[in-house]
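Examination of the molecular architecture
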Amino acid sequence: MRGLGYERYGTQGGDFGSIISPEIGRLAPEHVIGVHVNALANASVPTVAGDLDRLSEAERKLAQEAEAAWQGISGYATQMATRPQTLAYALNDSPAGQLAWNIEWYVDHDPAKTDQTPIDRDVILTNVTILWLTGTAGSAARLYREAGEEGWGERPAPSPVPTGIACFKGDLAIRGLAEISNTITHWSEYDTGGHFASLQASDLLVSDIRAFFRGLRS
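All of the points below concern the structure found in this document. Remember, predicted model here, so these are calculated numbers, not experimental data.

Position of E59 relative to the elements: it lies in helix α2 (residues 57-73). Buried and unpaired, E59 has R175 as its nearest opposite-charge partner, separated by 6.8 Å. Those residues in contact with E59 that lie beyond four places of it in its chain are I174, R175 and G176.

Here it is, written out as structure tokens:
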């Protein structure tokens, strides 16, 4: 960013971007004016001894429910974090398999029960087609292996940068856990959208980002 002439800037990201964006703030707090994230990926389950003791009774219940839910859906992450290349051969061999592997996320893991905002079918097909035509299922999966414990297994160091967090339908971030590693100055919760808020509730996400950064100037 400094190479482009920007000495001060903000960051925004969702899911893995919600891990990367705060790290930029930790690396360059003198340049990052604020960090905004959605689908915060590392503040839903306790990962360090004593985490539960920091939470209210209601938050402890949410953390325990989130941990149980993660145990039920985390097979994909275990596979990509341990044997991504084996998976790559299968996905690169079958467009139907590639679609099935990805669509699980787009429909909230269970198409029979999802209550998140639907994502346009053409958007899903576009994303999956890019993976198929470029043969990048393997490199996409390897992100989980290369991230290792830095992805979500360890609690990040505290960040002094003002941080805004938007939680949409299906997001499991818990404020008490998020506050351990982030200086939260803005927290929003929405009963619509979903994990892919930029595709499911883009207007709300953009409005939340604008509100957060405008608040930093006041």
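By secondary structure assignment, the location of R26 is in helix α1 (residues 16-27). Sequence spacing of R26 and N182 is 156 residues, and the spatial spacing of their C-alpha atoms is 9.8 Å. When residues no more than four places from it in sequence are discounted, the contact partners of R26 are P156, A157, P158, S159, S181 and N182. At a separation of 2.5 Å, a polar atom in the side chain of R26 contacts the main-chain carbonyl oxygen of A157.

What follows is about the packing of aromatic side chains. Enumeration over the complete set of coordinates arrives at seven aromatic pairs. A centroid spacing of 5.5 Å and a plane angle of 80° characterise the contact between F16 and Y144, whose relative ring orientation is edge-to-face. Of this pair, F16 sits in helix α1 while Y144 is found in helix α7 (residues 137-147), placing the two residues 128 residues apart along the sequence. Considered together, F16 and Y144 belong to a single accessibility category, that of buried residues. Taken together, F16, W70, Y76, W105 and Y144 form an aromatic cluster joined through their ring pairs.

Before going further, it helps to spend a moment on the pairing of strand β3 (residues 162-167). The element β3 is extensively covered by neighbouring structure, given that five of its six residues are classed as buried. Here strand β2 (residues 32-40) pairs with β3 via four bridges, running parallel. Bridging across to β3, N38 finds its partner in A166. You can see the chain leave β3, run along helix α9 (residues 175-181) and come back into strand β4 (residues 183-189), and the turn it takes is right-handed.

Conventions and cut-offs
- As a convention, each chain's residues are numbered from 1 in the sequence order in which they are written.
- Given that the model is predicted, a residue must reach a pLDDT of at least 70 before its local features are reported, and side-chain atom pairs must reach 80 or more before they are shown or counted; all residues, however, enter totals for whole chains, interfaces and linings.
- As a rule here, side-chain values cover all heavy atoms of the structure and leave hydrogens and water aside.
- Strands are runs of DSSP state E lasting at least two residues, helices are runs of H or I lasting at least four, and both sets are numbered from the N terminus onward.
- Accessibility here uses a 1.4 Å probe with only protein chains present; expressed as a share of the type maximum, an area under 20% marks a residue as buried, one over 50% as exposed, and anything in between as partly exposed.
- Counted as positive: Lys and Arg. Counted as negative: Asp and Glu, with His and the chain ends omitted from the count.
- Criterion for a salt bridge: a side-chain nitrogen of Lys or Arg within 4 Å of a carboxyl oxygen of Asp or Glu.
- Here, two residues are considered to be in contact whenever any of their heavy atoms come within 4.5 Å of each other.
- Definition of a polar contact: a pair of N or O atoms within 3.5 Å, with one able to donate and the other able to accept a hydrogen when the atoms are protein atoms, and with sequence-neighbouring residues admitted only if both atoms are side-chain atoms.
- Here the aromatic set is Phe, Tyr and Trp, taking the six-membered ring for Trp, and pairing holds for ring centres within 6.5 Å; pairs whose planes are under 30 degrees apart are stacked, those over 60 apart are edge-to-face, and all others are tilted.
- When DSSP finds two or more bridges between two strands, those strands count as paired.
- By the criterion used throughout, a crossover qualifies as right-handed when its path from the first strand across the helix to the second strand runs clockwise, the strands pointing away from the viewer.

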